[in-house]
Amino acid sequence: MKLKYKPEELTKLPRSVEYRDKKVYLIDQRLLPREFKVISLSTVEQVAKAIKTMQVRGAPAIGAAAAFGLALYAERSRAETKDEFFNGFYRAYEILKNTRPTAVNLFWALNRIKKLVEEHREDSLAEIKRLIVREAQKIADEDVEANLRMGHIGAEILPEGNVLTHCNAGSLATVHLGTVGAVLRVMHKEGKLNLLWVDETRPVLQGARLSAWEYHYDGIPLKLIADNMAGFVMQQGKVDAIIVGADRIVANGDFANKIGTYTLAVLAKEHGIPFFTVAPLSTIDMSLKSGEEIPIEERSREEVLTCGGCKIAPDVDVYNPAFDITPHKYLTAVITDKGVVYPPFERNLKKLF
Ligand SMILES: CSC[C@H]1O[C@H](OP(=O)(O)O)[C@H](O)[C@@H]1O
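Residues numbered from 1 in each chain as written. Predicted model: local features only at pLDDT ≥ 70, side-chain atom pairs only at ≥ 80, totals over all residues. Heavy atoms only, no water.

An unreviewed UniProt entry lists the protein chain under the name Putative methylthioribose-1-phosphate isomerase, with Thermococcus barophilus as the source organism. The record held by UniProt for the protein chain lists under Function (unreviewed entry) the comment "Catalyzes the interconversion of methylthioribose-1-phosphate (MTR-1-P) into methylthioribulose-1-phosphate (MTRu-1-P)." According to the UniProt record, the Catalytic activity (unreviewed entry) comment for the protein chain is "5-(methylsulfanyl)-alpha-D-ribose 1-phosphate = 5-(methylsulfanyl)-D-ribulose 1-phosphate". (UniProt positions renumbered as here; feature names shortened; annotations may be inferred.)

And the structure:
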C-alpha cells in the first residue's frame, strides 16, 4: 500500500529507544508525565533492569531494547577469544531473556540475533560484532516501518468517530509511532478521530501517565477516564471502536494484553462495538495454540498497594497479574503490518507467514 505520511509528519516525539556510540538511550517512562528524561545505559545489566522495572516498556520497545543490549555487549566485550566472547554473549542473552515473560517480542528479538550469531560462528570476531549491532538496528528500524504501515492500514478500517484505548500502545511502547499510536495518529491526521477515550489503566497507569501524555503532546483530542468508567461510556453510545495493543497473539487469535483488556472485550461485545488489536508480526507466536498457554507476568504487590507513589491500602495480600488473555471470539480483527486478519484466525493468521 502507498504510505501517505512519514513518521515525523505524525508525531513530534523522538524515538523511545536508540543505540549509538556503544550506549543505549531510552526515554525513562517511569518519570512521565512529570519529567521527560532520556537516560543512557552502558551495561547489559542496566538494560535488563530498565526492562524489568519498566523504565522502557511495551512489547516492541522491550524487544528493541533487548536487541540493543546485545549490541552493547558485543561492542564493549573485551573477550580475546571467540569462546570467551560466546560465553559472554550467552550470559547477556540469558540476563535479558529473564526480564519479563509475556511479551513475545523480547524473545523474538533475542532469538533473531542469537540465530544470526550462530550462523556466522566461523566469521571473525570483528565481523560477528558488526553483525550483532547491524541486526539490532534493523530490528528497531523495521519496527518503525511496521508501525507506519499498520497506522495506514488501521486508519482505513476503523470507523470514523470516537475510539477507546487501554494502557499505552503508543510511540512510547514501540521504537517510534506506536502500534495503536500509529493508527490513532493517521486517523487524527485525516480528520477521522473525533475523540479518544483513554483508560487510566491501573495499577501502573500507562494510560493516564503515558497515553494521555503522548497523545496530548501530539494534539489528539482525548478524555481520560478511570478504568471502571469504560462500560458506562460504551453504554452511553459514546464509543464507535476500541483498539488495543498486544503482547502476544497466538495461533487461534487469542491474545495477551494489559490487564483489563478482557473486560473491555466482553463489554464491547455486549454493546456491539468493533474491537481490534494491532500488532506487528513480531508479536505473533504461532508456536502456541491458544491463550491459556501464554505466561502471565505477576508484578509486585506495591504496584497495587500504591497509586502515584502514595499508599492507598493497608498491608494486605495482593494479586497483581500484569496481563490478561482475550479469547479470539471477542476480536473483530487483528491489524498487522502485513494486512488485516479477520476470523477464522486459526486459518488466516497462518497466511501471514
Ligand atoms: C505496543 S505493545 C504495548 C503493550 O505493552 C503493554 O504492557 P507493559 O506496559 O506492561 O509493557 C501493554 O500490554 C500494551 O498493550
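S.K.: A description of the overall build of the protein chain should follow, citing residues and the corresponding values.
M.R.: Looking only at helices and strands, the protein chain has 11 helices and 16 strands in total. By the compact-globule yardstick of 20 Å for 353 residues, the protein chain fits well, its C-alpha radius of gyration being 20 Å. Considered along the principal axes of its C-alpha atoms, the protein chain spans approximately 65 × 50 × 40 Å. Counting over 353 residues, the protein chain shows a buried share of 58%. Intrachain contacts of the protein chain at a sequence separation of at least 6 include 76% that bridge at least 24 residues. (Helix = DSSP H or I, 4+ residues; strand = E, 2+ residues; numbered from the N terminus. Rg over C-alpha atoms; globule rule 2.2 N^0.38 Å. Buried < 20%, exposed > 50% of the residue type's maximum accessible area, 1.4 Å probe, protein only. Contact = heavy atoms within 4.5 Å.)

S.K.: Run through the UniProt feature "binding site: substrate" (unreviewed entry) in the protein chain, naming residues and quoting values.
M.R.: In this structure's numbering, the residues bearing the UniProt feature "binding site: substrate" (unreviewed entry) are Arg57, Gly58, Ala59, Arg100, Gln206, Asn257 and Lys258. Of the annotated set named above, Arg57, Gly58, Ala59, Arg100, Gln206, Asn257 and Lys258 line the largest cavity. With respect to the helices and strands, the residue arginine 57 is situated in the loop between α1 (44–52) and α2 (59–76). In this structure arginine 57 comes out as buried when scored by relative accessible area, which is 4%. Each residue touching arginine 57, except ones within four places of it in the same chain, is listed here: Gln29, Ile62, Arg100, Cys167, Asn168, Leu172, Ala173, Gln206 and Leu210. A polar contact is formed between the side chain of arginine 57 and the side chain of glutamine 29, at a distance of 3.0 Å. Following the sequence through the fold, alanine 59 ends up in helix α2. Apart from residues no more than four positions distant in its own chain, alanine 59 is found in contact with Ala103, Asn105, Ala173, Ala246 and Asp247. (1 Å grid on protein atoms, 1.4 Å probe; cavity = no way out; pocket = protein on both sides within 12 Å on 5 of 7 lines; lining within 4 Å. Polar contact = N/O pair within 3.5 Å; in protein donor to acceptor, adjacent residues only side chain to side chain.)

S.K.: Lay out the sheet that holds strand β2 (residues 23–27) with the relevant residues and their values.
M.R.: Here 3 strands make up an open sheet; going across it, the order is β1-β2-β3 and the pairing antiparallel. The strands lining the two open edges of the sheet, one partner per strand, are β1 (17–20) and β3 (38–41). Geometrically, the sheet is characterised by an average inter-axis angle of 25° between neighbouring strands, direction not taken into account. With 4 bridges connecting them, β1 and β2 associate as antiparallel partners. Looking at β2, one finds that glutamate 18 is bridged to tyrosine 25. (Pairing = 2+ DSSP bridges. Axes fitted to C-alpha atoms, helices over the stretch in contact; angles between N-to-C directions.)

S.K.: Got a sec to walk through the packing of helix α3 (residues 82–97) against helix α4 (residues 104–119)? Specific residues and values, please.
M.R.: One way to put it is that α3 packs onto α4 with a least axis distance of 10 Å and a crossing angle of 170°. Relative to α4, the element α3 is oriented roughly antiparallel. Packed against α3, whose contacting residues are Phe86, Phe89, Tyr90, Tyr93, Leu96 and Lys97, the element α4 presents Leu106, Phe107, Leu110, Asn111, Ile113, Lys114, Val117 and Glu118 at the interface. Residue classes in the contact of α3 with α4 are distributed as 10 nonpolar, 1 polar and 3 charged. (Parallel < 35°, antiparallel > 145°, perpendicular 65-115°, else oblique. Nonpolar A, V, L, I, M, F, W, Y, C, P; charged D, E, K, R; others polar.)

S.K.: So, the site of the ligand: which residues are in play, and what are the values?
M.R.: Around the ligand sit 18 residues, and of these Arg57, Arg100, Asp247, Asn257 and Lys258 come closest. A distance of 2.5 Å separates an oxygen atom of the ligand from a polar side-chain atom of aspartate 247. Here an oxygen atom of the ligand and a side-chain polar atom of lysine 258 are 2.7 Å apart. Summarising the interface, the protein chains cover 99% of the accessible area of the ligand, which totals 410 Å² for the free molecule. If you map the ligand onto the pockets, it falls in the largest cavity. Grouping the amino acids of the shell around the ligand by side-chain chemistry returns 8 nonpolar, 6 polar and 4 charged. The residues that make up the shell around the ligand include at least three from each of domain 1 (7–145) and domain 2 (157–352). (Near = heavy atom within 4 Å. Areas by Shrake-Rupley, 256 points an atom, 1.4 Å probe, with all protein chains shown as cover. Sits in = over half its atoms within 2 Å of the grid points. Domains from an automatic or database assignment.)

S.K.: If you had to explain empty space enclosed by the protein to someone new, which residues and values would you point to?
M.R.: Scanning the model with the defined rule gives 2 cavities of 30 Å³ or more in all. Along the wall of the largest cavity there are 26 residues; nearest its centre are Arg57, Gly58, Ala59, Asn168 and Asp247. Elements with a contribution of two residues or more to the lining of the largest cavity: α2 and β9 (255–258). The leading source of residues in the lining of the largest cavity is α2, at 3 residues. Counting contributing residues per domain, the lining of the largest cavity is built from domain 1 (7–145) and domain 2 (157–352), each supplying no fewer than three. Here the second largest cavity defines a volume of roughly 40 Å³. (Points joined across faces, edges and corners; volume = space filled by probe spheres on them.)

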